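The primary structure of each chain is shown beneath.
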Amino acid sequence: MLRTGWLRGAAALALLLAARVVAAFEPITVGLAIGAASAITGYLSYNDIYCRFAECCREERPLNASALKLDLEEKLFGQHLATEVILKALTGFRNNKNPKKPLTLSLHGWAGTGKNFVSQIVAENLHPKGLKSNFVHLFVSTLHFPHEQKIKLYQDQLQKWIRGNVSACANSVFIFDEMDKLHPGIIDAIKPFLDYYEQVDGVSYRKAIFIFLSNAGGDLITKTALDFWRAGRKREDIQLKDLEPVLSVGVFNNKHSGLWHSGLIDKNLIDYFIPFLPLEYRHVKMCVRAEMRARGSAIDEDIVTRVAEEMTFFPKDEKIYSDKGCKTVQSRLDFH
């Protein structure tokens, strides 16, 4: 009897190892191997084993709010509003077992302030493979939608892509980068998917997440931050209510926002307009230190200072904010 049990275990192990070898090539073969292993052992769960060798969409996988909070606080600098709003929005959404609509976030601010970085952090906290996940989809306006004369084609393709991927994984994440370079009208193709419908053509989009990244509104955000600075108030005193109404109206009326006169704004389908404040000298130094740590280098404060001082700052007189945020920190650090 012991020998029989040992043989069963050995056979199951052999089949599972075979599944691991072929996982990258043939999902059906993986399924057959796992099915055979389950039959031999009599107690292995098909889904549990399959998901050890292939990426699965686990709707029941909870969001680790503490891990997300730690990532945002330790890796994102100078963005108290983004940290607070994204943490609350994602936690609330994922804790809701029956959301009435998808979560839609619109991130705004100048280049280098952390928008792309945040989308990466969000993706990694929702799906272990992050941006490499089959369930996280990144669209770049200048790459995927370059031609103005093909707007109708892009709209059709976008609808089909989103419908197909949400059908495969209800928790899919869609990130639209360079929204300020997106031709007006394209994004309205996904309006039905963001609305309060239980289903659209038999598919529910209520558990999906849509994230827009845009430089549009950066001037409005900077003006508010500068007004606070000139009034002697801390940037941490800036609240979402100081910027969100201005942002939504400004982006709606901006022909270069990708959301110009968009039904997404007109119908209040964007849940949060999240401002990314311009970064100050001290924040740039934080970015340099973080990059040095990521490279496994010891923190050299002389180098940190030199890299930060190589950046250019604005306005012309006060020189408070880095005009490229932290965007060029990596390349500048290569010279030291």
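Conventions adopted
Residues numbered from 1 in each chain as written. Predicted model: local features only at pLDDT ≥ 70, side-chain atom pairs only at ≥ 80, totals over all residues. Heavy atoms only, no water. Helix = DSSP H or I, 4+ residues; strand = E, 2+ residues; numbered from the N terminus. Buried < 20%, exposed > 50% of the residue type's maximum accessible area, 1.4 Å probe, protein only. Contact = heavy atoms within 4.5 Å. Areas by Shrake-Rupley, 256 points an atom, 1.4 Å probe, with all protein chains shown as cover. UniProt positions renumbered as here; feature names shortened; annotations may be inferred. 1 Å grid on protein atoms, 1.4 Å probe; cavity = no way out; pocket = protein on both sides within 12 Å on 5 of 7 lines; lining within 4 Å. Polar contact = N/O pair within 3.5 Å; in protein donor to acceptor, adjacent residues only side chain to side chain. Pairing = 2+ DSSP bridges. Axes fitted to C-alpha atoms, helices over the stretch in contact; angles between N-to-C directions. Parallel < 35°, antiparallel > 145°, perpendicular 65-115°, else oblique. Left-handed = near helix turned anticlockwise from the far one by under 90°. Nonpolar A, V, L, I, M, F, W, Y, C, P; charged D, E, K, R; others polar. Arc of directions from axis to C-beta. Points joined across faces, edges and corners; volume = space filled by probe spheres on them. Disulfide = S-S within 2.5 Å.

1. With respect to the overall build of the protein chain
- Assigned secondary structure in the protein chain consists of 15 helices and seven strands.
- Residue burial in the protein chain is summarised as follows: out of 336 residues, 47% are buried.
- Long-range pairs, those at least 24 residues apart, make up 72% of the contacts in the protein chain with a sequence separation of at least 6.
- Entry remark: accessible area of the protein chain is about 17500 Å², with carbon and sulfur atoms responsible for 54%.

2. Observations concerning the UniProt feature "binding site: ATP" (unreviewed entry) in the protein chain
- Under the present numbering, the feature "binding site: ATP" (unreviewed entry) in UniProt falls on Gly 109, Trp 110, Ala 111, Gly 112, Thr 113, Gly 114, Lys 115 and Asn 116. Of the residues annotated just before, the largest pocket has Ala 111, Gly 112, Thr 113, Gly 114, Lys 115 and Asn 116 among its lining.
- Within the element layout of this structure, Thr 113 appears in the loop between strand S1 (103-108) and helix H6 (115-126).
- Discounting chain neighbours no more than four positions away, the residues touching Thr 113 are Leu 76, Gln 79, Phe 276, Leu 277, Pro 278 and Leu 279.
- Structurally, Lys 115 can be placed in helix H6.
- The exposure class of Lys 115 is buried, given its relative accessible area of 5%.
- Discounting residues that sit within four places of it in the chain, Lys 115 has contacts with Leu 107, His 108, Gly 109, Trp 110, Leu 213, Ser 214, Asn 215 and Phe 276.
- Within the local environment of Lys 115, its side chain forms a polar contact with the backbone oxygen of Trp 110, the two atoms lying 3.1 Å apart.

3. Description of unusual backbone geometry
- For the bond running from Phe 314 to Pro 315, omega is -5 degrees, close enough to zero to count as cis.
- Relative to the helices and strands, Pro 315 is located in the loop between strand S6 (313-314) and strand S7 (321-322).
- For Asp 201, which is not glycine, the phi dihedral falls at a positive 55 degrees.
- For Asp 201, the location among the structural elements is in the loop between helix H9 (191-194) and strand S4 (209-214).
- The exposed category is assigned to Asp 201, whose relative accessible area is 67%.
- If you check the backbone angles, His 261 has positive phi at about 50 degrees while not being a glycine.

4. A few points about the sheet that holds strand S3 (residues 173-177)
- A sheet is described by the order of its strands in space; here five strands give the open sequence S2-S3-S4-S1-S5, paired in parallel fashion. Sheet topology places strand S2 (136-140) and strand S5 (272-275) at the edges, where each strand pairs with a single neighbour. Strand-to-strand, the axes of this sheet are offset by a mean angle of 15 degrees, without reference to chain direction.
- Relative to S5, S1 runs parallel, the two sharing four bridges. For Ser 106, the partnering residue across the bridge sits in S5 and is Phe 273.
- Lying over the sheet, helix H5 (residues 80-95) contacts S1, S4 and S5, oriented at roughly 150 degrees with respect to S5.

5. Quick word on the packing of helix H4 (residues 65-75) against H5
- The N-to-C vectors of H4 and H5 enclose an angle of 160 degrees; their axes lie 10 Å apart at closest approach. The pairing of H4 with H5 is recorded here as roughly antiparallel in orientation. Seen from above, H4 lies across H5 with right-handed handedness. Facing Ala 65, Leu 68, Lys 69, Leu 72 and Glu 73 of H4, the residues of H5 in contact are Thr 83, Ile 86, Leu 87, Leu 90 and Thr 91.
- Of the residues assigned to the contact of H4 with H5, the class counts are six nonpolar, two polar and two charged.

6. Some details on H4
- Buried within H4 we find Leu 68, Asp 71 and Leu 72. In an axial view of H4, the angular spread of the buried residues amounts to 90 degrees, which keeps them on one side of the axis. The exposed set on the far side of H4, more than 90 degrees from its buried face, consists of Ser 66 and Glu 74.
- Elements that come into contact with the buried residues of H4 comprise H5 and H6.
- Where H4 begins, one side-chain oxygen reaches toward the backbone nitrogen of Ser 66, 3.2 Å away; that side chain belongs to Asn 64.

7. Remarks on empty space enclosed by the protein
- One pass over the full model with this rule turns up one cavity of 30 Å³ or more.
- The computed volume of the largest cavity comes to approximately 30 Å³.
- Residue composition of the lining of the largest cavity, by class: three nonpolar, two polar and two charged.

8. A few points about the state of the cysteines
- What the rule picks out here adds up to three disulfides.
- Each sulfur of the disulfide joining Cys 57 and Cys 169 lies 2.0 Å from the other. Judged by the torsion about the S-S bond (70 degrees), the Cys 57/Cys 169 disulfide is right-handed. A residue pair is termed long-range when its members are at least 10 positions apart, and Cys 57 in the loop between helix H3 (46-53) and H4 and Cys 169 in the loop between helix H8 (151-168) and S3 qualify at 112 residues.

9. Considering the environment of Lys 97
- Residue position: Lys 97 is located in the loop between H5 and S1.
- Between the alpha carbons of Lys 97 and Glu 59 there is a distance of 10.0 Å; along the sequence they are 38 residues apart.

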